Amino acid sequence: MNNKKYLQILQFFAVLISIIFTFSGCYSVFSGGTGGLVVDKESTSTPKQGIANVDVYAYLSSSERDSDFASWKEGTVFYPKAEYYGHTTTNNDGHFSISKLTWKENSPDFGKDADYATIFLLFYHENYGLTKGQTVITSDSTSDTVYAELTSVRKTTALNINIYD
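Residues numbered from 1 in each chain as written. Predicted model: local features only at pLDDT ≥ 70, side-chain atom pairs only at ≥ 80, totals over all residues. Heavy atoms only, no water.

A. Spotlight on the nonpolar core. If you look at the biggest cluster of nonpolar residues, it comprises 19 residues, and the most contacted ones within it are V38, V54, V56, F96, L121, F123 and L150. Breaking this core down by element, the ones donating at least two residues are β1 (28–40), β2 (55–59), β4 (95–105), β5 (116–125) and β7 (142–150). (Core = buried A, V, L, I, M, F, W, Y, C linked by side-chain atoms within 4.5 Å. Buried < 20%, exposed > 50% of the residue type's maximum accessible area, 1.4 Å probe, protein only. Helix = DSSP H or I, 4+ residues; strand = E, 2+ residues; numbered from the N terminus.)

B. Representation of the sheet that holds strand β6 (residues 129–138) within the structure. If you trace the 4 strands from one edge of the open sheet to the other, you get β3-β2-β5-β6, paired in antiparallel fashion. Across the chains shown, the open sheet's two edge strands, defined by having one partner strand only, are β3 (86–89) and β6. Averaged over all neighbouring strand pairs, the angle between strand axes comes to 25°, with direction disregarded. Bridging between β5 and β6 involves 10 bridges; their strand directions are antiparallel. Paired with L122 across the strands is K132, a residue of β6. (Pairing = 2+ DSSP bridges. Axes fitted to C-alpha atoms, helices over the stretch in contact; angles between N-to-C directions.)

C. Structural view of a nonpolar patch on the surface. Where nonpolar side chains cluster on the molecular surface, the patch consists of F110, Y116 and V136 and spans about 300 Å² of accessible area. Along the chain, the position of F110 falls in the loop between β4 and β5. Classification of F110 as exposed rests on a relative accessible area of 51%. (Patch = residues over 30% accessible without salt bridge, like charges linked within 9 Å, V, L, I, M, F, W, Y side chains within 5 Å. Areas by Shrake-Rupley, 256 points an atom, 1.4 Å probe, with all protein chains shown as cover. Salt bridge = Lys/Arg side-chain N within 4 Å of Asp/Glu carboxyl O.)

D. Just the pattern of salt bridges, in detail. Inspection of every chain in the model, using the stated rule, returns 2 salt bridges. The shortest N-O distance in the salt bridge between D66 and R65 comes to 2.7 Å. As a salt-bridge pair, K132 and D66 come within 3.2 Å of each other at their nearest N and O atoms. A residue pair is termed long-range when its members are at least 10 positions apart, and K132 in strand β6 and D66 in helix α2 (residues 62–71) qualify at 66 residues. For K132, a relative accessible area of 39% translates into the label partly exposed. The class for D66 is partly exposed, based on a relative accessible area of 29%. Among the ionic contacts, a cluster of salt bridges with common partners joins R65, D66 and K132.

E. Region of the structure containing the environment of V54. Following the sequence through the fold, V54 ends up in the loop between β1 and β2. Sequence separation between V54 and V39 is 15 residues; the distance between their C-alpha atoms is 9.8 Å. When residues no more than four places from it in sequence are discounted, the contact partners of V54 are V38, T88, T89, T90, F123, Y124, H125 and L150. (Contact = heavy atoms within 4.5 Å.)

F. How the structure looks around unusual backbone geometry. The amide bond that connects T46 to the next residue, P47, takes the cis arrangement and shows omega of -5°. You can see P47 is positioned in the loop between β1 and β2. Backbone geometry places N53, a non-glycine residue, at a positive phi of 60°. Residue position: N53 is located in the loop between β1 and β2. Even without being a glycine, D140 presents a positive backbone phi close to 60°. Note that D140 resides in the loop between β6 and β7.

G. Spatial organisation of the side chain of D68. Tracing the backbone shows D68 in helix α2. Despite its burial, D68 pairs with no opposite charge; the closest candidate is K81, at 6.0 Å N-O. Within polar-contact distance, the side chain of D68 engages the backbone nitrogen of K81 at 3.0 Å. Ignoring sequence-local partners within four residues, the contact set of D68 consists of Y59, F78, P80, K81, A82 and L122. (Lys, Arg positive; Asp, Glu negative; His and termini not counted. Polar contact = N/O pair within 3.5 Å; in protein donor to acceptor, adjacent residues only side chain to side chain.)

Structure follows, in C-alpha cells:
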C-alpha cells in the first residue's frame, strides 16, 4: 500500500470519527434525592399534623406529571401511567424521602461534577385526593426541601354512641 492511499484512509477515518462525536453528543448522568413533610392544611395544631400513608410520586418531566394528573378521576384510586417516576409513601408523621432519582444532562450548569434538576411531584391520598407540587434537587445529595399542605376532600370525625338498656 502506498503512502498516499494510506493517508487518504486515515483522513477518512478522522473525519468519520469527528462526525460521530459531533452528532452523538456527550452527556453526564446525575442522581439526587428529595424528601420532606406532608401535612393537613386544616390542622389547628402547631406544628401542623403530618399525614400518614400519602403516596408521593416524583417526575423528571412536568408534561408526564401533568398527563398523569389529568388522567386521574376524582373518587378513584390513582395509578401513574408514566414510564419513569420515583415513588414512596409518607410515614406516620407525614415525612418521606426519595433517595435516588437519575437524570442525564448534555450541558450541566456545574460541568461534569454537579447539576441540579426540577422535580415535579404528585401527592395522593384517598382522603385528600391528588395534588401537584415541585422542588429542586442537587446531584449527589438528598435534602428535605418539600413542605406540602393538603386539603381534605373527605371529612372524618369520631362518633361515640352510648346504648342504655
